[in-house]
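Now for the letters of each chain:
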Amino acid sequence: MKEKIGLSASRRTFIKGSLATLATFSIVPRHVLGRGYIAPSDQLTKAIVGTGSMGRGHIPYAGTKVVALCDVDKKHLETAVSMVDKGVKTFSDYRELIQLPEIDIVHVATPPHWHGIIAADAARAGKDVWCEKPMTRTIGEGKRLVEAVQQHGRIFRLNTWFRFEDNFYGMRTTVKPIKKLVQSGLLGWPLKVTVSKHTGFDWKFYWVGKTNNAPQPVPAELDYDMWLGPAPYKPYSEHRVHQTFRGYWDYDGGGLGDMGQHYIDPIQYFLGKDDTGPVSVEIDAPQQHSEAVGTWRRITYTYADGCQIVLDGEAKDEKVAYIEGPKGKLYPNFKSDILDLEKKLAAFPDPEPQVTDFVDAVKNRKKFALNEENGHRSCTIVNMGLVALRLGRSLKFDPEKQEFIDDEGANRLVNQPMRGPWTI
């Protein structure tokens, strides 16, 4: 992913004569050098907010250099510092970090209740943004993050990559041939996509919260008030933070919040629905606890044209197709009931190329393949399901206005209150 830069003789001479300077200032932010000019290091400067396992895992991303780290847990921060070069700046408050002029990219690797606020603030501070999934914890936060990114002309990447690379779970292929198959019309239309453990997608129902957490002393290394941030104040309990936070509505949405955008975003892409979303969501689930996320049996999304996404939590049908259309079916391992599928598919054009190199996208100001717009659309599908689960009822949705139809209670969960002083 690193660009190869050809050096003229005069430039080589200049660089050779400037080694002493570069030794003391080897990483230069691109905005200092001017748009279109490659830094001497050929690297973009990066800050990571949230240095748990996800944040630490992206420290060595090709073409970037970590120059700042931020975490509210001193132990997490110390571990991350041990993995980077000396001289990296450290913070406990991201608001100080995003003001550093030497930063090109801010990587948001916090729990989801912080994603929207930090990413939007970073965009307003003139930084490009790499954000973990789910993009935001609520639909309203997603709308405002899109506005912030676009108003300030930033490049945004959402970190779920299956629409453009890696084997797509049980399908044992990248999404590209699935997109090609759907575009070909060989399966017909409308299509039903079933996301189940039998089609290769594990819903991780171990991400459930506890309903009997007893208050515990806050660890000395943790700034718990800052960890909570915009979330409602609740007494500290170890199970509510770090690895198990996903089981609580205040911070995430269980298995659906954790894996939903990984699974659903590629479906949006291959169905060609990046600029819209479903018009309804139906649920079959036990009553959810007011604080702790539980499990569900089935969630069905329906689009205006009749296409459906079925999230199958019970996985009763072991022989279910991943995609079913009026003319054919596609199963895991890219198997189909259409005879000579690969031969027939070869006659059709490949999908349009995508911008999948984030470093190149930032350097050349290209919109990334999974950006603030289509990322918000697929995240909205996740959040539609979470709202329906919390309320215990099926809902109608207007994908243009991005609000629920004739349901005041559901729309209150589109824009949820934040604990002061936090806003987005």
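Each residue is numbered by its place in its chain's sequence as written, counting from 1. The predicted nature of this model means local features are confined to residues of pLDDT at least 70 and side-chain atom pairs, given and counted, to a pLDDT of 80 or more, with totals for whole chains, interfaces and linings taken over all residues. By convention in this description, side-chain values take in all heavy atoms of the structure and omit both hydrogens and water.

1. With respect to the overall build of the chain
Moving on, step 1. Of regular secondary structure, the chain possesses 15 helices and 15 strands.
Moving on, step 2. This radius of gyration counts C-alpha atoms alone. The globule rule is 2.2 Å times how many residues there are, raised to the power 0.38. Computed over C-alpha atoms, the radius of gyration of the chain comes to 23 Å, within 12% of the 22 Å expected from 2.2 N^0.38 for 424 residues, which places it in the range of a compact globule.
Moving on, step 3. Along the first, second and third principal axes, the C-alpha set of the chain runs to 70 × 60 × 35 Å.
Moving on, step 4. When accessible area is computed with a 1.4 Å probe and restricted to protein chains, residues below 20% of their type maximum are described as buried, those above 50% as exposed, and intermediate ones as partly exposed. Taking all 424 residues of the chain together, the buried fraction comes to 55%.
Moving on, step 5. Positive and negative side-chain charges of the chain, numbering 56 and 52 respectively, have mean locations separated by a distance of 4 Å. Helix numbering and strand numbering both begin at the N terminus, where a helix is a DSSP run of H or I of at least 4 residues and a strand a DSSP run of E of at least 2. We score Asp and Glu as negative and Lys and Arg as positive, and we do not count His or the chain ends. Lysine's charge is taken at NZ, arginine's at CZ, aspartate's at CG and glutamate's at CD.

2. Observations concerning the sheet that holds strand 2 (residues 64–70)
Moving on, step 1. When DSSP finds two or more bridges between two strands, those strands count as paired. Strand order in the open sheet made by the six strands is 3-2-1-4-5-6, with parallel pairing throughout. Across the chains shown, the open sheet's two edge strands, defined by having one partner strand only, are strand 3 (89–91) and strand 6 (156–159). With direction set aside, neighbouring strand axes in the sheet form an average angle of 25°.
Moving on, step 2. Bridge count for strand 1 (residues 44–49) against strand 4 (residues 105–108) is four bridges, and the pairing is parallel. Note on strand 4: the bridge partner recorded for Ala 47 is Val 106.
Moving on, step 3. We call two residues contacting when some pair of their heavy atoms lies within 4.5 Å. Only the contacting stretch of a helix is used when fitting its axis, a line to C-alpha atoms as for every element, and angles between N-to-C directions run 0 to 180 degrees. Packing of helix 7 (residues 112–124) onto the sheet brings it into contact with strand 1, strand 4, strand 5 (128–132) and strand 6, and relative to strand 5 it is tilted by some 170°.

3. A look at helix 14 (residues 372–391)
Moving on, step 1. Helices are assigned an expected span. That span is 1.5 Å times one less than the residue count. Counted at 1.5 Å a residue, the expected span for helix 14 with its 20 residues is 28 Å, and the 27 Å between its end C-alpha atoms agrees.
Moving on, step 2. Within helix 14, 17 of the 20 residues are buried, which leaves it mostly tucked inside the rest of the structure.
Moving on, step 3. Two N or O atoms count as a polar contact when they lie within 3.5 Å, although within protein this holds only if one can serve as hydrogen donor and the other as acceptor, and sequence-adjacent residues are included solely when both atoms are side-chain atoms. Where helix 14 begins, one side-chain oxygen reaches toward the backbone nitrogen of Glu 373, 3.0 Å away; that side chain belongs to Asn 371.
Moving on, step 4. Once helix 14 finishes, Gly 392 follows within two positions and takes phi at roughly 75°, a positive value.

4. Quick word on the packing of helix 8 (residues 139–151) against helix 14
Moving on, step 1. In contact at an axis separation of 9 Å, helix 8 and helix 14 are set at 175° when each is read in the N-to-C sense. One way to sum up the angle between helix 8 and helix 14 is to call them roughly antiparallel. On the side of helix 8, the interface is formed by Ile 139, Gly 142, Lys 143, Val 146, Val 149 and Gln 150, while helix 14 contributes Glu 372, Glu 373, His 376, Thr 380, Asn 383 and Met 384.
Moving on, step 2. For this classification, Asp, Glu, Lys and Arg are treated as charged, while Ala, Val, Leu, Ile, Met, Phe, Trp, Tyr, Cys and Pro are nonpolar and the rest, including Gly, are polar. The residue inventory of the contact of helix 8 with helix 14, partitioned by class, reads four nonpolar, five polar and three charged. Comment on the angle field: the value is read as roughly parallel under 35 degrees, roughly antiparallel over 145, roughly perpendicular from 65 to 115, and oblique elsewhere.

5. Observations concerning the side chain of Asn 374
Moving on, step 1. Structurally, Asn 374 is set in helix 14.
Moving on, step 2. According to the relative accessible area criterion, Asn 374 is buried, its value standing at 8%.
Moving on, step 3. One polar contact links the side chain of Asn 374 to the main-chain carbonyl oxygen of Ala 369, over a distance of 2.9 Å.
Moving on, step 4. The contacts of Asn 374, once residues within four sequence positions are left out, are Arg 163, Asp 265, Asp 274 and Ala 369.

6. Things to note about the environment of Gly 257
Moving on, step 1. Tracing the backbone shows Gly 257 in helix 11 (residues 254–271).
Moving on, step 2. Among the residues examined, Gly 257 registers a relative accessible area of 1% and is labelled buried.
Moving on, step 3. Taking the C-alpha atoms as reference, Gly 257 lies 18 Å from Gly 55; in sequence the two are 202 residues apart.
Moving on, step 4. Each residue touching Gly 257, except ones within four places of it in the same chain, is listed here: Pro 134, Asp 252 and Val 382.

7. Some points on the confidence of the model for the chain
Interpreting fine coordinate detail is not advised for predicted regions of low pLDDT.
Moving on, step 1. The predicted model of the chain averages 91 in pLDDT, with 90% of residues at 70 or higher.
Moving on, step 2. Known as pLDDT, the predictor's per-residue confidence is scaled from 0 to 100. In this model residues 1–38 is a low-confidence stretch, pLDDT under 50, and it forms 48 contacts with partners more than four residues away in sequence or in other chains.

8. Description of the packing of aromatic side chains
Moving on, step 1. Note on aromatic contacts: the rings of Phe and Tyr and the six-membered ring of Trp form a pair at centre separations within 6.5 Å, being stacked when their planes are under 30 degrees apart, edge-to-face when over 60 apart, and tilted otherwise. Taken as a whole and assessed by the stated rule, the structure comprises 28 aromatic pairs.
Moving on, step 2. Pairing Trp 130 with Phe 358 gives two aromatic rings, centres 5.4 Å apart and planes at 85°, and the pair type is edge-to-face. Note that Trp 130 is positioned in strand 5 and Phe 358 in helix 13 (residues 358–364), a separation of 228 residues in sequence.
Moving on, step 3. Overall, the relative accessible area of 0% leaves Phe 358 in the buried class.

9. Structural notes on helix 8
Moving on, step 1. Spanning 13 residues, helix 8 covers 19 Å between terminal C-alpha atoms, matching the ideal 18 Å at 1.5 Å per step.
Moving on, step 2. Regarding helix 8, the residues found buried are Ile 139, Gly 140, Glu 141, Gly 142, Leu 145, Val 146, Ala 148 and Val 149.
Moving on, step 3. Where helix 8 begins, one side-chain oxygen reaches toward the backbone nitrogen of Glu 141, 3.1 Å away; that side chain belongs to Thr 138.
Moving on, step 4. After helix 8 finishes, the residue Gly 153 shows a positive phi value of roughly 60°.

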